[in-house]
Amino acid sequence: MFAECKKALWARRIGLAFVLLVFNFADAHGWGSQGHIVVGYVAEFNLDVATKKNIKKEFNINHLADVATWADMVRKKKEEEKPWHYTNIREGEWTYEAARDCPDGNCVVAKLKEFSGVLANIENPQEKRKDALKYIVHFVADVHQPLHLGNQKDRGGNNIRTYYLGNNVNLHYLWDGGLIHWKNKSLLKYATRLNSRVTDSEKLEWLNSNIDEWANESRSYALKFAYPIGERELTKEYVSRSREILDQRMVQAGVRLADLLNKIFHSEK
């Protein structure tokens, strides 16, 4: 009798764990914490020494990775901030247009521009500028996630289900990091490896762009590679290509985040 009760208890626990797992898969809103932290590390590798000193001196922030997930914690408490993390586009459109896609300014593209202005204005209160910096660290990463520029109709892939490793998951979750093969590695080592593979010429090419263009890159990746998932289980080719894209988007985000912050803090002088 005791053995049967014990088995029943374990069955309930396993069932609850499965429900929670499925719920988390279905409720993805932004890069997983790992992706944001990796972007923060890559950015720090590319910051000017003076910018690092200014960030520590003015805001007591030692590492960008330490504040990379702060905006997600705020979002959980403030319902009105959820739309700030993405920009859904009308199905069939290939580029971001502010008037059509973000008329109220409550999307990741507009908010990234807004908080960049807040941080750059040294007349603003220190705490306001600190919050702006933390939003920037997060939103540069978000705008580089292809399905943060996904279709409005399917909520950036949140309403699309597919199978991955035997689990029924939503497409957005996969591109938030579910596809990345972390292997429980140190995120610092992961970021170091991504950054070491990039040449100076590639970095210069990536920096010859603006926030709207970052969004349009994500939109293109979403339509060309993220959405064409086939019928059932994801193919090995899809998984391999997606991992390559996600790695590139994380390192691009980090390099561009560093450049944005370098320019903002250089303008203070």
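(A) View of the overall build of the protein chain. Within the protein chain one finds 12 helices and two strands. Each helix and strand of the protein chain, ordered N terminal to C terminal, gives the series α-α-α-α-α-α-α-β-β-α-α-α-α-α. Burial status across the protein chain gives 48% buried among its 269 residues. The contacts of the protein chain with a sequence gap of at least 6 include a subset with a gap of at least 24, amounting to 77%. For the protein chain, the accessible area works out to roughly 14000 Å², and carbon and sulfur atoms hold 54% of it.

(B) Region of the structure containing the packing of helix 6 (residues 108–120) against helix 7 (residues 126–143). At a closest axis distance of 8 Å, the pairing of helix 6 and helix 7 adopts a crossing angle of 145 degrees. Regarding helix 6 and helix 7, the two cross each other, and that crossing is left-handed. Of the residues in helix 7, those in contact with Val108, Val109, Lys111, Leu112, Phe115, Ser116, Val118 and Leu119 of helix 6 are Lys128, Arg129, Ala132, Leu133, Tyr135, Ile136, Phe139, Val140, Asp142 and Val143. Split into classes, the residues belonging to the contact of helix 6 with helix 7 amount to 13 nonpolar, one polar and four charged.

(C) Region of interest: helix 3 (residues 49–59). Taken as a whole, helix 3 has its buried residues at Thr51, Ile55 and Phe59. For helix 3, the buried positions fall inside an angular range of 40 degrees around the axis, keeping them on one side. In helix 3, the exposed residues that point more than 90 degrees away from the buried face are Val49, Lys53 and Lys57. On the buried face of helix 3, the contacting elements are helix 6, helix 7 and helix 12 (236–266).

(D) A look at the pairing of strand 1 (residues 161–164). Burial of the side chains of strand 1 is restricted to one face: Thr162 and Tyr164 are buried, whereas none of Arg161 and Tyr163 on the reverse face is. Pairing of strand 1 with strand 2 (residues 167–170), which is carried by four bridges, proceeds in the antiparallel orientation. The partner of Tyr163 across the bridge, within strand 2, is Asn168. Once strand 1 ends, the chain turns through two residues before running back antiparallel as strand 2, passing Leu165 with a positive phi of about 55 degrees.

Basis of the calculations
- Residues numbered from 1 in each chain as written.
- Predicted model: local features only at pLDDT ≥ 70, side-chain atom pairs only at ≥ 80, totals over all residues.
- Heavy atoms only, no water.
- Helix = DSSP H or I, 4+ residues; strand = E, 2+ residues; numbered from the N terminus.
- Buried < 20%, exposed > 50% of the residue type's maximum accessible area, 1.4 Å probe, protein only.
- Contact = heavy atoms within 4.5 Å.
- Areas by Shrake-Rupley, 256 points an atom, 1.4 Å probe, with all protein chains shown as cover.
- Axes fitted to C-alpha atoms, helices over the stretch in contact; angles between N-to-C directions.
- Left-handed = near helix turned anticlockwise from the far one by under 90°.
- Nonpolar A, V, L, I, M, F, W, Y, C, P; charged D, E, K, R; others polar.
- Arc of directions from axis to C-beta.
- Pairing = 2+ DSSP bridges.

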